[in-house]
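# Coordinates in review
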Amino acid sequence: MGKVVLVTGVARQLGGRFVRRVQREPDVDRVIGVDAVPPEHHLGGADFVRADIRHPTIGKVLAEHGVDTVVHMDVNGTPLGKRGGRTLVKETNVIGTMQLLGACQKAPTVKRLVIKSSTSVYGSAPRDPAVFTETTPPKSLPSGGFAKDTVEVEGYVRGFARRRPDVAVCVLRFANVLGPCADSPLAEYFSLPVLPTVLGFDPRLQFVHEDDAIEVLRIAAGEPRRSTLNSGTFNIAGDGVLLLSQTARRLGRPTLPFFLPTVTWIGSALRSLGISDFSPEQIRLLTHGRVVQTAQMRETLGFEPKYTTAEAFADYARSRGPGLLPPETLARTVDRMAAVLPGGGDQN
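These figures come from a predicted structure and were not determined experimentally.

### Notes on the overall build of the chain
Scanning the chain for helices and strands turns up twelve helices and 13 strands. Taking all 348 residues of the chain together, the buried fraction comes to 52%. Counted over contacts in the chain with a minimum sequence separation of 6, partners at least 24 positions apart contribute 80%. In the structure as shown, the chain presents an accessible area of about 15800 Å², 57% of it carried by carbon and sulfur atoms.

Okay, here's the thing in structure tokens:
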């Protein structure tokens, strides 16, 4: 008998793509997709079980199907479509993870657990280190939003690992996932016709392509290859960084700098209108940025991304169409302005 893999959060595009991909693994016998709502995309030959992970019924699903590998992808920063809001997302992230881990703890068949986490656990603060490693403590813990959710989720996962040392646990801290199907808060921000920015700040950003996200999830869910270890905590990001100003130029979208209090007010207005989930944590990211080291991803996990940060962003930009300004024209204009400003020629 091959492995039985259970995947949560399959109604989202990334979860659906992973379900279709993992079915092709030769050692996988059956894949079970779980979500509170039916997916609008197909799941290939996987079985779909409509279940809310916030409720104890998830334990019955594990027991009935003899699941040995759990891939928990239902940890997200935005609601699914128009369903629910921030409260529902938080309950699914935190309470849903608690229920799922409780069910895994009671299920003797479970031998491997993979958690989709985020580099947002490090927060974004003015005195942050230039680069975060997996063991770097944040200068200030996130106080709310999705970042706080991920901190709580990882805390529960560490508790589970202590109670079930026989289970191989892999936590993947993804940088912002971008690609043609990206539905993250940052993807929504980059879709705005004009990008509000914080005056005086040009943060460094990292991205991971959705194809690379699927591949690293596949590696984490399988048996470790020779000379690798796929249990532990790993930062996942493409090579290199992009400045926020560079992303705007490559999108062909003008930026509109505001003082920080004004950007916070704009974020609240956009959230209330349902245009974009411009949360306080996203404003901090767009102020101070965040960069993580990925040496363990390569040396221990054995994963090499196909896309750099710049390439992942370029693929996302192509899927969104041209902005208000032609990127080439905007880039030339900005370069000319930078050349005549004091110190401007040093920014790139």
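### As for unusual backbone geometry
One non-glycine residue with positive phi stands out, namely Ser227, at about 70°. Along the chain, the position of Ser227 falls in the loop between α6 (210–221) and β11 (232–236). For Ser227, a relative accessible area of 70% puts it in the exposed group.

### Observations concerning the side chain of His41
Its place among the elements puts His41 in the loop between β2 (28–35) and β3 (47–50). Residue class for His41 comes out buried when judged on its relative accessible area of 13%. Looking at His41, its side chain comes within polar contact range of the main-chain oxygen of Val10, at 2.8 Å. Discounting chain neighbours no more than four positions away, the residues touching His41 are Val10, Ala11, Arg12, Gln13, Gly16 and Arg20.

### Overview of helix α11 (residues 309–320)
An ideal rise of 1.5 Å per residue puts 16 Å on twelve residues; α11 measures up with 17 Å between its terminal C-alpha atoms. Every buried residue belonging to α11 is among Thr309, Ala312, Phe313, Asp315, Tyr316 and Ala317, and all of these are buried. Check the buried side of α11 and you find it contacts β7 (176–178), α5 (185–190), β9 (204–205), β10 (207–209), β12 (242–243) and α7 (244–251). With its phi angle positive at about 80°, Gly321 sits one or two positions after the end of α11.

### Describing the pattern of salt bridges
This structure, assessed with the given rule, holds 19 salt bridges. With its nearest N and O atoms 3.0 Å apart, the salt bridge here joins Asp149 to Lys90. Here Asp149, found in helix α4 (residues 145–163), pairs with Lys90, found in helix α3 (residues 86–106); they are 59 residues apart in sequence, far enough to count as distant. For Asp149, a relative accessible area of 0% translates into the label buried. The salt bridge partner of Arg158 is Glu154, with a shortest N-O separation of 3.9 Å.

### Quick notes on the nonpolar core
Among the nonpolar cores identified, the biggest contains 31 residues, and Val7, Phe18, Val71, Leu172, Phe174 and Ile236 are the most heavily contacted of them. When contributions to this core are tallied by element, the ones reaching two or more residues are β1 (3–8), α1 (13–22), β2, β6 (168–174), α6 and β11. Leaving out residues up to four positions away in the same chain, Phe174 has contacts with Lys116, Ser117, Ser118, Thr119, Val208, Ala213, Val216, Leu217 and Ile236.

### Comments concerning the packing of aromatic side chains
Counted by the stated rule, this structure contains seven aromatic pairs. Between Tyr189 and Phe190 the ring centres are 5.4 Å apart and the planes differ by 55°, which places this aromatic pair in the tilted class. Of the residues examined, Tyr189 reaches a relative accessible area of 0% and is grouped as buried. Judged by its relative accessible area of 0%, Phe190 falls in the buried class. The structure contains a cluster of three or more aromatic residues connected by ring pairs, namely Tyr189, Phe190, Phe207, Phe313 and Tyr316.

### Concerning the pairing of β1
Taking burial as the measure, the six residues of β1 include six buried ones, the bulk of the element. On β1, burial covers both faces: Lys3, Val5 and Val7 on one face and Val4, Leu6 and Thr8 on the other are all buried. Taken together, the six bridges between β1 and β2 define a ladder with parallel strand orientation. Opposite Val5, over in β2, you have Val31 as the bridge partner. Between the parallel elements β1 and β2, the chain passes through α1 in a crossover that is right-handed.

### Digging into the packing of α1 against α6
At a minimum axis separation of 10 Å, α1 and α6 run at an interaxial angle of 50°. In terms of their interaxial angle, α1 and α6 are classed as oblique. For the element pair α1 and α6, the recorded crossing hand is right-handed. Listed contacts from α6 to Leu14, Arg17, Phe18 and Arg21 of α1 are Glu210, Asp211, Ala213, Ile214, Glu215, Leu217, Arg218 and Ala221. Classifying every residue of the contact of α1 with α6 gives six nonpolar, no polar and six charged.

About the thresholds
- Residues numbered from 1 in each chain as written.
- Predicted model: local features only at pLDDT ≥ 70, side-chain atom pairs only at ≥ 80, totals over all residues.
- Heavy atoms only, no water.
- Helix = DSSP H or I, 4+ residues; strand = E, 2+ residues; numbered from the N terminus.
- Buried < 20%, exposed > 50% of the residue type's maximum accessible area, 1.4 Å probe, protein only.
- Contact = heavy atoms within 4.5 Å.
- Areas by Shrake-Rupley, 256 points an atom, 1.4 Å probe, with all protein chains shown as cover.
- Polar contact = N/O pair within 3.5 Å; in protein donor to acceptor, adjacent residues only side chain to side chain.
- Expected span 1.5 Å × (residues − 1).
- Salt bridge = Lys/Arg side-chain N within 4 Å of Asp/Glu carboxyl O.
- Core = buried A, V, L, I, M, F, W, Y, C linked by side-chain atoms within 4.5 Å.
- Phe/Tyr/Trp six-rings, centres within 6.5 Å; stacked < 30°, edge-to-face > 60°.
- Pairing = 2+ DSSP bridges.
- Right-handed = clockwise from strand over helix to strand, strands pointing away.
- Axes fitted to C-alpha atoms, helices over the stretch in contact; angles between N-to-C directions.
- Parallel < 35°, antiparallel > 145°, perpendicular 65-115°, else oblique.
- Left-handed = near helix turned anticlockwise from the far one by under 90°.
- Nonpolar A, V, L, I, M, F, W, Y, C, P; charged D, E, K, R; others polar.

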